[in-house]
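Summary of the model geometry
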Amino acid sequence: MRLIDVVAMLDIETSFDGEKEVPHTTKILKEFYGPGLAKKEYAILSHCWGVEEEGEQEVLFEDMKQLLIVSDKERKEIRTRTGYMKIIDTCRQAQKDGLEVQKRTFL
C-alpha cells in the first residue's frame with residue numbers, strides 16, 4: 001500500500017514557502033506490505049470526490065509523484081487545488097495525532 005509520508009509532505013510544503021530546503025529526491029509516498037503494513041498506524045483521508053463544476057479540483061497520483069520536479073507554475077497550480085489542501089490539512093492533523101503516514105486514494 002502506498003502511504004503519504006506526513007513529515008516529508010509537510011517539510012516539502014514549507015520548502016515551497018522558502019522556510020526549509022528539501023532535496024528533490026525526497027519521497028512523498030512510502031510503500032508498505034505484509035507485516036510492515038500490519039504494524040503501521042496511519043490516518044485515512046476519506047472524502048467525497050469534488051464536483052469540478054463546483055470548483056473542486058482533485059490531485060492525481062502522478063501530481064504527487066512529480067511535485068518536486070515540475071515547474072514552479074505547475075507546482076503552484078497543484079497547490080491551489082482543493083484536493084491538495086485536504087491532503088495538507090490531513091497531514092497536519094495526522095502529525096498532531098502522532099502518526100507518520102496517511103492513506104489517500106488517488107484518481
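Whatever comes next refers back to the structure up there.
Quick word on the overall build of the protein
Regarding its fold elements, the protein presents five helices and four strands. Computed over C-alpha atoms, the radius of gyration of the protein comes to 14 Å, within 12% of the 13 Å expected from 2.2 N^0.38 for 107 residues, which places it in the range of a compact globule. Here the protein holds 107 residues, and 38% of them are scored as buried. Put simply, of all contacts in the protein between residues at least 6 apart along the chain, 76% involve residues at least 24 apart. Side chains of the protein carry 17 positive and 21 negative charges; the gap between the two charge centres is 4 Å.

Details of the pattern of salt bridges
If the charged atoms of two oppositely charged side chains come close together, the side chains can form a pair. Tallied over the full model, the rule gives twelve salt bridges. Between D63 and R81 there is a salt bridge, with the nearest N and O atoms lying 2.5 Å from each other. Taken as a pair, D63 in helix α3 (residues 61-66) and R81 in the loop between α4 (72-79) and α5 (82-96) lie far apart in primary sequence, 18 residues in all. Of the two residues, D63 and R81, neither departs from the other in class, the shared state being buried.

Quick notes on the nonpolar core
Counting residues in hydrophobic clusters, the biggest one holds 22 residues, and the most contacted among them are I4, M9 and I28. Every element with two or more residues in this core is listed here: α1 (6-16), β3 (42-45), α3 and α5. Residue contributions to this core peak at five residues, all from α5. M9 has contacts with I4, I28, M64, L67, Y84, I88 and C91, leaving out every residue within four places of it along the chain.

Details of the environment of A38
With respect to the secondary-structure elements, A38 resides in helix α2 (residues 34-38). A38 sits 35 residues away from L3 along the chain, and the two C-alpha atoms are 13 Å apart.

Some details on the packing of α1 against α5
One can describe the packing of α1 onto α5 by two numbers: an axis separation of 9 Å at closest approach and a directional angle of 120°. Relative to α5, the element α1 is oriented oblique. As α1 runs across α5, the sense of the crossing is left-handed. Judged by residue contacts, V6, V7, M9, L10, E13 and F16 of α1 engage Y84, I88, C91, R92, A94 and Q95 from α5.

Side note on α1
Along an α-helix, residues three or four positions apart point the same way, because every turn accommodates 3.6 residues. Listed in full, the buried residues belonging to α1 are V6, A8, M9, L10, I12, E13 and S15. The N-terminus of α1 is capped by D5, whose side-chain oxygen sits 3.1 Å from the backbone nitrogen of V7. The first or second residue beyond α1 is G18, which carries a positive phi of 80°.

Quick word on the environment of M85
Relative to the elements of secondary structure, M85 occurs in helix α5. The exposure class of M85 is partly exposed, given its relative accessible area of 34%. Distance in space between the C-alpha atoms of M85 and T14 is 13 Å, their sequence separation being 71 residues.

How each quantity is defined
- Residue numbering note: each chain is counted from 1, following its sequence as written.
- Where local features are concerned, this predicted model is filtered to residues with pLDDT of at least 70; where side-chain atom pairs are given and counted, the filter is 80 or more; whole-chain, interface and lining totals use all residues.
- Side-chain figures throughout are based on the complete set of non-hydrogen atoms in the structure, without hydrogens or water.
- Under the scheme used here, helices are H or I runs from DSSP no shorter than 4 residues and strands are E runs no shorter than 2 residues, and both carry numbers assigned from the N terminus.
- We compute the radius of gyration from the C-alpha atoms alone; for a globule the expected value is 2.2 Å times N to the 0.38, where N is the number of residues.
- Each residue's exposure class comes from its accessible area (1.4 Å probe, protein chains only) as a fraction of the maximum for that residue type: buried when under 20%, exposed when over 50%, partly exposed otherwise.
- Contacts are assigned to residue pairs with any non-hydrogen atoms lying within 4.5 Å of each other.
- Positive charges come from Lys and Arg alone, negative charges from Asp and Glu alone, with His and the N- and C-terminal ends not counted.
- In plain terms, the charge of a residue is placed at NZ if it is Lys, CZ if Arg, CG if Asp and CD if Glu.
- Between Lys or Arg on one side and Asp or Glu on the other, a salt bridge is scored when a side-chain nitrogen of the former is within 4 Å of a carboxyl oxygen of the latter.
- Residues belong to one nonpolar core when they are buried, are Ala, Val, Leu, Ile, Met, Phe, Trp, Tyr or Cys, and are joined through side-chain atoms within 4.5 Å.
- Note on definitions: angles span 0 to 180 degrees between N-to-C directions of axes, and those axes are lines fitted to C-alpha atoms, for helices only across the stretch in contact.
- Oblique is the label for every angle not falling under 35 degrees (roughly parallel), over 145 degrees (roughly antiparallel), or within 65 to 115 degrees (roughly perpendicular).
- Should the near helix be turned anticlockwise from the far one by less than a right angle, the crossing is termed left-handed; should it be turned clockwise, right-handed.
- We call two N or O atoms a polar contact when they sit within 3.5 Å, provided that within protein one can donate a hydrogen and the other can accept it, with sequence-adjacent residues counted only if both atoms are side-chain atoms.

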